Amino acid sequence: FFFSSRRRHTRSLCDWSSDLCSSDLALLQSSSGYLISVNGSTPAALIRDGKPVSASTYPGWAAIGATVINGVTNILWRNGNTYLAWAVNAQGVYVTDSLTPKVIADNSLDFFRLEAQYGLDINNNGISAISVYGGVALLQSATSYLISVNGGAPVPFFFNINGQPVSASTDRKSTRLNSSHTVI
């Protein structure tokens, strides 16, 4: 299996179905356990307490994504609606919990923050959070942008960049929504 933490604003710079982008972090699963690869490097085994970590190491828990936060590689784990994150070093060795186990309801602001940080559609509903600022989450489906205020039901959101309407299907090479754009 292949999980990627590619940030939404770099999606247009690579082909998600094939090779890694040069600046990506990948979480992989092999028969021997979970692996991480940074910038296309040789995958390193995910290690905790001196032993490789596999899907069966922690029953009920699954590694679902990886990202770099403040220069630290983080692995996101899920067990139902409970999430935790590990900080690991460059060799894939567990260092500490970066998010202690926490129950997070789908479509809450905390949930949207996780989706935005890890660049994932965690609940596979076809809608992913791009950014969360205060009580407002900017979301994206295959065809449109949406907003959620204080974890409320997502509603369509329409806007322009440089006078041009932007939709989820807009050519990303010519108009990108990324962290340098502020949504007010």
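Residues numbered from 1 in each chain as written. Predicted model: local features only at pLDDT ≥ 70, side-chain atom pairs only at ≥ 80, totals over all residues. Heavy atoms only, no water.

**Points about the pairing of strand β13 (residues 145-149)**
Okay, so step 1: For β13, a buried count of four out of five residues is recorded, marking the element as mostly surrounded by other parts of the structure.
Okay, so step 2: Here five bridges tie strand β12 (residues 136-140) to β13, and the two strands are oriented antiparallel to one another. Directly across from L139, in β13, lies its bridge partner L146.
Okay, so step 3: Counting the residues in the hairpin turn of β12 and β13 gives four residues. (Buried < 20%, exposed > 50% of the residue type's maximum accessible area, 1.4 Å probe, protein only. Helix = DSSP H or I, 4+ residues; strand = E, 2+ residues; numbered from the N terminus. Pairing = 2+ DSSP bridges.)

**Quick notes on the nonpolar core**
Okay, so step 1: The biggest cluster of nonpolar side chains holds 17 residues, and the ones touching the most others in it are L76, Y83, L114 and I122.
Okay, so step 2: Every element with two or more residues in this core is listed here: β9 (82-88), α1 (109-118) and β12.
Okay, so step 3: In terms of residue count, α1 provides more of this core than any other element does, six residues in total.
Okay, so step 4: Discounting chain neighbours no more than four positions away, the residues touching L76 are A62, A63, I64, G65, Y83, L84, A85, L114, Y118 and I122.
Okay, so step 5: Counting 14 residues, the second largest nonpolar core, distinct from the first, contains L25, V53, W61 and A66. (Core = buried A, V, L, I, M, F, W, Y, C linked by side-chain atoms within 4.5 Å. Contact = heavy atoms within 4.5 Å.)

**Details of the confidence of the model for the protein chain**
Okay, so step 1: This prediction gives the protein chain a mean pLDDT of 78; 78% of its residues lie at or above 70.
Okay, so step 2: Below pLDDT 50 for its whole length, residues 1-23 participates in 52 contacts with residues either more than four positions away or in separate chains.
Okay, so step 3: Note that residues 171-184 has pLDDT below 50 and, in this model, 24 contacts with residues that lie over four places away or in other chains. (pLDDT = per-residue confidence, 0-100.)

**Some words on unusual backbone geometry**
Okay, so step 1: In this model, N107 sits at a positive phi of 65°, which is unusual for a non-glycine residue.
Okay, so step 2: With respect to the secondary-structure elements, N107 resides in the loop between β10 (94-103) and α1.
Okay, so step 3: N107 gets classed as partly exposed once you look at its relative accessible area, which sits at 29%.

**Description of the pattern of salt bridges**
Okay, so step 1: For the structure on display, the rule yields two salt bridges.
Okay, so step 2: The closest approach of N and O atoms between K102 and D110, which form a salt bridge, is 3.1 Å.
Okay, so step 3: Judged by its relative accessible area of 33%, K102 is partly exposed.
Okay, so step 4: A relative accessible area of 32% means that D110 is categorised as partly exposed.
Okay, so step 5: For R113, the salt bridge goes to D110, with nearest N and O atoms at 3.1 Å. Pair noted here: R113 and D110 are both in helix α1, with a separation of three residues, about one helical turn.
Okay, so step 6: Three or more residues joined by partner-sharing salt bridges are found here, namely K102, D110 and R113. (Salt bridge = Lys/Arg side-chain N within 4 Å of Asp/Glu carboxyl O.)

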